Amino acid sequence: MDHGGRPAWALHGMLRQILEAIDRFAPDAVLFGLDDRRTSVREQAYPAYKAGRAEKDPALVDQLERAAGLLDALGMLTVTPDGLEADDVNASAATWAEQHGWSCVLITSDRDAFAHISEHTQVLRLISGGINGSPLLNPARLRTMYGVAAEHYLEYAALRGDPSDNLPGVPGIGEKIAPFLLSEMGSMRAVWADIDHCGGATLVATLDSYCEEVGRPRIGAAVLKKLATPAARERFEFNLAIMSGRTDLDLGLTPDLPGSPGLLPLHPDRVSRVVGHLGVAATTQLALRVLTEPPASAGAMG
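Bear in mind the structure is a predicted one, so any value in this text is a computation, not a measurement.

Student: Sorry, what's going on with the pairing of strand β4 (residues 121-125) here?
Tutor: Residues in a regular strand project their side chains so that they alternate between the two faces of the sheet. Pairing of strand β3 (residues 104-108) with β4, which is carried by 5 bridges, proceeds in the parallel orientation. Within β4, the residue paired with T108 across the bridge is R125. As paired elements, β4 and strand β5 (residues 136-137) share 2 bridges and run antiparallel to each other. Directly across from V123, in β5, lies its bridge partner L137.

This is the structure in C-alpha cells:
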C-alpha cells in the first residue's frame, strides 16, 4: 500500500524497472508510452484484435490508470496517444531520435518494436529476468536471432503473424520460410511484383537455386502456390497495416528547454516526495541516486 492506503505493488514494480533502466543506460531524457485504454483504432479495424487475452486484475487496472499521474508528477514525460498504443510511441520515439541525431533504447516486451532497430535505436526486450536479465538487440543481434534484417522485420512479422494480438500469419509461411524468403528476394514488394509480372518465375528460380546450393529439396513452386492466392496477399497487407507503428506522433519532447518534462536530472525534493509516497525507502534512495544526478552526456561534454 502507498501512503494513501491504495494498492501500489504494480506501480512500484514499474517504477523499479524504470529506475534500473535509467541506472543502466544513463539517458538524457525518458519518455514513457502508454496505451489509450478507452478506444483503439486497431480494434475498430479488427474487432478480434488481441481477443483471447486474460482479463486484468481490477487492482492492476486501477494502478495502470494511475501510472501516468505518478510519472508526470515525478517530472518524466508520458504520452498516451488517442486511440493508439505504446507501440506507436516507440515508433515515433525511434523516428525522433534518428531525425535529431540521438541514440535511443526502446524498453518493451513487444516484438513489434524490433522493426525500429537501427544504428540509432536498440531494443531491450523485457523478459522474466527484468532489466538486467533481458537481451539488448541491435541490427546484428536481431539478424542472429531471427535471420532477418531490421528493416525487413515488419514484413517478417506480417508473414508470420502474431498470436498474442490474435493475428494469424500467411498460411504455410512460418518462422523458417519467412526470413529465407526475405533474404533471397529482398522484400515482399519484390515478391508481389514478380508474381504479378512474371508469374513468380524469379521467385521459384531464386529459392530453388539456393536450395540446390545447400543441398535441400526445392521449395520454390510450393512457396509460390501459397503466396499466389489473393487471400495470402490480403492477410499480409492487413497484418502489415495493423502492426505498423505511427512514426509521426508529437511526443512533446523539448530538449532545448531545461527542466521540461522528460529531461534528466530531476529535482531531489520532487523525487523524494513522489517516490516516497509509495512507501518503500530503498526505492526512494535508488530514485534519488539515478534521477537527480547529471546525465552521462553532461560529463562527456565537460
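Student: Looking at this structure, how should I read the pattern of salt bridges?
Tutor: Charged atoms that come close allow side chains of opposite charge to pair. Inspection of every chain in the model, using the stated rule, returns 13 salt bridges. Among the salt bridges present, the one from D62 reaches R66, with a minimum N-O distance of 3.0 Å. In this pair, D62 and R66 both sit in helix α3 (residues 58-74), 4 residues apart, roughly one turn of the helix. For D62, a relative accessible area of 35% gives the class partly exposed.

Student: Help me understand the packing of helix α7 (residues 177-185) against helix α8 (residues 188-198) in this model?
Tutor: The relative placement of two packed helices is expressed as an angle between their axes plus a distance between the axes. At a minimum axis separation of 8 Å, α7 and α8 run at an interaxial angle of 80°. In terms of orientation, α7 lies roughly perpendicular with respect to α8. Residue-level inspection shows L181, L182 and M185 of α7 in contact with α8, the latter providing M188, A190, V191 and D194. When the residues that make up the contact of α7 with α8 are grouped by side-chain class, the tally is 6 nonpolar, no polar and 1 charged.

Student: How should I be thinking about the environment of R16 in this particular structure?
Tutor: Inspection of the secondary structure assignment puts R16 in helix α1 (residues 9-25). A relative accessible area of 25% places R16 in the partly exposed class. When the C-alpha positions of R16 and G169 are compared, they lie 36 Å apart, and in sequence the two are 153 residues distant. If we ignore the near neighbours within four places in the chain, the residues touching R16 are A282, T283 and L286.

Student: Could you clarify how one ought to interpret the side chain of D112 in this entry?
Tutor: Within the secondary structure, D112 is located in the loop between β3 and β4. One buried charged residue, D112, forms no salt bridge at all, with the nearest opposite charge on R160 at 5.4 Å.

Thresholds, definitions, all that
- Residues numbered from 1 in each chain as written.
- Predicted model: local features only at pLDDT ≥ 70, side-chain atom pairs only at ≥ 80, totals over all residues.
- Heavy atoms only, no water.
- Pairing = 2+ DSSP bridges.
- Helix = DSSP H or I, 4+ residues; strand = E, 2+ residues; numbered from the N terminus.
- Salt bridge = Lys/Arg side-chain N within 4 Å of Asp/Glu carboxyl O.
- Buried < 20%, exposed > 50% of the residue type's maximum accessible area, 1.4 Å probe, protein only.
- Axes fitted to C-alpha atoms, helices over the stretch in contact; angles between N-to-C directions.
- Parallel < 35°, antiparallel > 145°, perpendicular 65-115°, else oblique.
- Contact = heavy atoms within 4.5 Å.
- Nonpolar A, V, L, I, M, F, W, Y, C, P; charged D, E, K, R; others polar.
- Lys, Arg positive; Asp, Glu negative; His and termini not counted.

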